[in-house]
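Residues per chain are reported as follows:
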Amino acid sequence: MNPVLEVAHLDLASPHDTICRNLSLRILPGEVWGILGPNGVGKSTLLKTLAGLSRRPPAASIRLDGQPLEHWPRRARARRMAILLQDNEPGLPLTVFETALLGRHPHLGLWGRPHYADLRRTLAALRITGLNGQRQNPSQALSAGESQRLAVALILAQDPALYLLDEPTTQLDLHYQRRLFEHFVALARWHHKAVVMALHDPTAAIRFTTRVLLLFGGGRILLGESRSCLTPDHLTTLYGTPVVAADSPRGLVFDVF
Amino acid sequence: MEVNPSGDRERSPLFAHPPLSLLIAGTACIVAGSCVAGLMLGGVALPLPTLLEALNHRGPAVIQTIVWRLRIPRMLLAFSVGGLLALSGALLQVLLRNPLADPYVLGVSGGAAVAALLSFMTGLPLYWVMGNAFLGAALATALLLFLTRLTGPITPVRLLLTGIIMASGLSAVVTLLLALSPEPTLHTLLFWLMGSLAYSPGTVAAGMSLPVLIAAILALWPFAGELNVLLRGVETAQSLGVHTGRLTLGVYLFASLCTALAVTQAGMIGFVGLIVPHLVRMTVGADHRKLLPLAGLWGGSLLVAADALARSLLAPRQLPVGVLTAFLGVPLFLLLLARSNRTGILRS
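Criteria and thresholds
Residues numbered from 1 in each chain as written. Chains lettered and ligands numbered in written order. Predicted model: local features only at pLDDT ≥ 70, side-chain atom pairs only at ≥ 80, totals over all residues. Heavy atoms only, no water. Helix = DSSP H or I, 4+ residues; strand = E, 2+ residues; numbered from the N terminus. Rg over C-alpha atoms; globule rule 2.2 N^0.38 Å. Buried < 20%, exposed > 50% of the residue type's maximum accessible area, 1.4 Å probe, protein only. Contact = heavy atoms within 4.5 Å. Areas by Shrake-Rupley, 256 points an atom, 1.4 Å probe, with all protein chains shown as cover. Lys, Arg positive; Asp, Glu negative; His and termini not counted. Charge placed at Lys NZ, Arg CZ, Asp CG, Glu CD. 1 Å grid on protein atoms, 1.4 Å probe; cavity = no way out; pocket = protein on both sides within 12 Å on 5 of 7 lines; lining within 4 Å. Points joined across faces, edges and corners; volume = space filled by probe spheres on them. Nonpolar A, V, L, I, M, F, W, Y, C, P; charged D, E, K, R; others polar. Axes fitted to C-alpha atoms, helices over the stretch in contact; angles between N-to-C directions. Left-handed = near helix turned anticlockwise from the far one by under 90°. Core = buried A, V, L, I, M, F, W, Y, C linked by side-chain atoms within 4.5 Å. Phe/Tyr/Trp six-rings, centres within 6.5 Å; stacked < 30°, edge-to-face > 60°. Domains from an automatic or database assignment. Buried area = accessible area lost by both parts, 1.4 Å probe. Salt bridge = Lys/Arg side-chain N within 4 Å of Asp/Glu carboxyl O.

1. Quick word on the overall build of chain A
Consideration 1: Along the backbone of chain A there are nine helices and twelve strands.
Consideration 2: Taking 18 Å as the expected radius of gyration for a compact globule of 257 residues, we find that chain A reaches 18 Å, a close match to that expectation.
Consideration 3: The C-alpha extent of chain A, read off along each of the three principal axes, is 50 × 45 × 35 Å.
Consideration 4: Across the 257 residues in chain A, those meeting the buried criterion constitute 53%.
Consideration 5: When contacts within chain A are restricted to residue pairs at least 6 apart in sequence, those whose partners lie at least 24 apart make up 64%.
Consideration 6: Within the structure as shown, chain A displays about 11,500 Å² of accessible surface, and the carbon and sulfur contribution to it stands at 51%.
Consideration 7: Between the centroid of the 28 positive side chains of chain A and the centroid of its 21 negative side chains there is a distance of 7 Å.

So this is what it looks like as structure tokens:
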């Protein structure tokens, strides 16, 4: 199978630390990736670099569908790849529906007039994120968790082949955390989408991802199958705090507290 | 309020705002109403039949002259200036993603005023005054960005603060220039700066501003969808396929041009650029496909109406229209502020 995204020999640094050295990876359709690491280690920077949003493009080659990222026309790229950013500006007051509809922008013509199919897909995205009942409300009137769900609805409406998600379940209650994780896993399994998410919860990572990338800081990384990489030892080193594993009826659980 | 949020609301229409036909009809009424008021009111109040007669080139010659030579040009001037101000306010608000952005608040008008004033005082011909005002507005915008960048990252709040500081600095320059200007022109300059349509420098400029207003709306309209995306922030817009650099540059240039034209015609008229876009947003939402043309049309109508009042309230004395827009604008703004908790318009 051809990879959706292919990274070769990527060196990346933040102003005060190395994020990764010589990182190479292939993200295949149907895979769910997790990126884990302590705060400020560079998970968001890495995701933005993969999305082609960094100000100084890295020297390494990042290929989307085999084409170098910088050769893609912006709109065509936006139809293949979406990124959920962490800091979403509330903007001026579009309604919830109009905001989710912005995800259809790369699919629309210059005038931005949506077709029936665009409206239907936007509605579906709002149903998945549980916002359909509030679709006429101004988007700024939403709570923090609802705003996060709206941001997720926007990229679901965008309907790309590759989802890059920066902490998709931040601010969400337990019900929506599970619902959205399961939805992205289903998108990968049944619709051959690729999903890469920066996560903070190792239990969610082992439950929902197939592969993980651990960023230890100082350029040290660990890349591999979730089941073999997510061990109490590695997680203890990763977060600098003792992590133990326990069995639960649903599988492995990591306990920190 | 909603007993069953997943019940009735599920079947509510997708778009919350009034249907397009109603919008067009309503806007046509607003424009027509303000224009009729602009023609009827003034130093001499003309009843409607007299006005219609004069418009058909019948009736007393004096009235015909008043209508055709004075009121119609004045009305067109007021309409274009109001439209330009409202449009540049709407553009600056999406660019800075800041609901309080306005050419007057950010010092863009101030830049145009200083440049125009300097050109007036050195006796340059009219087209130089206008060209320099455009340069002044563009320079003020560029300086605003440069100063904000110089002191840290460009964020909406920092940009707004820098703009306010620049506006006060430029207004000090304006005061300085006024203090240095010779006695005979002082009165004219002062009234022009206060925001008045009575001292428009000439018909060339007035003839240009309406076509520029229409051209600006038509040129920006196809990009209204991209401006909507820009509301979510630059990075999200880029990830959704928008060339933010080009879009931002184009919108800045248009905002500067609109401001400069308005300032050379009518001095410093505040609040139109701030209030009109918000009124439109409250009525039809923030979708720029509707916001851009409606801001232009409503802004024009507002200034025509305000100018009619300014001419007739204390006739034969003419009030500076800027004073009237401020009187209308301040309570309207406070009303918006009071409603903003519910509508989320001013939360940022």
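Here the narrative resumes, following the displayed structure.
2. Focus: empty space enclosed by the protein
Consideration 1: Scanning the entire structure with this criterion turns up four cavities of 30 Å³ or more.
Consideration 2: The space that makes up the largest cavity amounts to roughly 140 Å³.
Consideration 3: Along its surface, the largest cavity is lined by 13 residues, and A:Leu101, A:Leu102, A:Gly112, B:Asn228 and B:Arg289 are the ones closest to its centre.
Consideration 4: For the lining of the largest cavity, the secondary structure elements donating two or more residues are helix 3 (96-101) of chain A together with helix 10 (224-230) of chain B.
Consideration 5: Residue contributions to the lining of the largest cavity peak at three residues, all from helix 10 of chain B.
Consideration 6: Classifying every residue of the lining of the largest cavity gives six nonpolar, four polar and three charged.
Consideration 7: Reported here for the second largest cavity is a volume of approximately 70 Å³.
Consideration 8: Every residue lining the second largest cavity is listed: A:Ile83, A:Leu84, A:Leu85, A:Asn88, A:Ala151, A:Leu154, A:Ile155, A:Gln158, B:Arg232, B:Thr236, B:Ser239 and B:Leu240.
Consideration 9: Mapped by element, the contributors of at least two residues to the lining of the second largest cavity are strand 6 (81-84) and helix 5 (144-158) of chain A together with helix 11 (234-239) of chain B.
Consideration 10: The element best represented in the lining of the second largest cavity is helix 5 of chain A, accounting for four residues.
Consideration 11: A class-by-class count of the residues in the lining of the second largest cavity yields seven nonpolar, four polar and one charged.

3. Here we look at the packing of helix 5 (residues 108-121) of chain B against helix 6 (residues 126-150) of chain B
Residues and elements named next belong to chain B.
Consideration 1: Direction vectors running N to C along helix 5 and helix 6 enclose 145°, while the axes themselves pass 7 Å from each other. Regarding helix 5 and helix 6, the two cross each other, and that crossing is right-handed. Together, Val108, Gly111, Ala112, Ala115, Ala116, Ser119 and Phe120 of helix 5 and Trp128, Val129, Asn132, Ala133, Gly136, Ala137, Ala140 and Thr141 of helix 6 make up the contact between the two elements.
Consideration 2: Within the contact of helix 5 with helix 6, the residues separate by chemical class into ten nonpolar, five polar and no charged.

4. Looking at the nonpolar core
The tendency in soluble globular proteins is for nonpolar side chains to be buried side by side.
Consideration 1: In this structure, A:Phe184, A:Leu230 and B:Val81 are the most contacted members of the largest nonpolar core, which totals 141 residues.
Consideration 2: In terms of residue count, helix 3 (residues 61-96) of chain B provides more of this core than any other element does, 18 residues in total.
Consideration 3: With 34 residues, the next largest nonpolar core counts A:Ile19, A:Leu47, A:Ala194 and A:Ala198 among its residues.

5. A closer look at unusual backbone geometry
All names here are of chain A.
Consideration 1: One non-glycine residue with positive phi stands out, namely histidine 9, at about 50°.
Consideration 2: Take histidine 9: it is sitting in strand 1 (residues 5-14).
Consideration 3: The backbone of glutamine 171 shows a phi angle near 75°, a positive value even though the residue is not glycine.
Consideration 4: Along the chain, glutamine 171 turns up in the loop between strand 7 (162-166) and helix 6 (174-191).

6. Some details on the packing of aromatic side chains
All names here are of chain A.
Consideration 1: In this structure the tally under the stated criterion is two aromatic pairs over all chains.
Consideration 2: Ring geometry for tyrosine 163 against phenylalanine 184: centres 5.4 Å apart, planes inclined by 70°, an arrangement best described as edge-to-face. Here phenylalanine 184 lies in helix 6 and tyrosine 163 lies in strand 7, a separation of 21 residues in the sequence. As far as the burial class goes, tyrosine 163 and phenylalanine 184 line up, both buried.

7. Brief notes about the domain arrangement of chain B
Often, the extent of an interface is quoted as the loss of accessible area on bringing the components together.
Residues and elements named next belong to chain B.
Consideration 1: Under the domain assignment, chain B is made up of domain 1 (20-64) and domain 2 (79-347).
Consideration 2: In this structure, domain 1 and domain 2 have C-alpha centres spaced 27 Å apart.
Consideration 3: Summing both partners gives a buried area of about 990 Å² for domain 1 against domain 2, and 77% of it is carried by carbon and sulfur.
Consideration 4: Among the residues of domain 1 in contact with domain 2, Leu23, Thr27 and Leu41 are the three that bury the most area, contributing 39% of the side total.
Consideration 5: Between domain 1 and domain 2 we count zero salt bridges in total.
Consideration 6: Here the side of domain 1 that touches domain 2 is built from residues that sort into six nonpolar, five polar and no charged.

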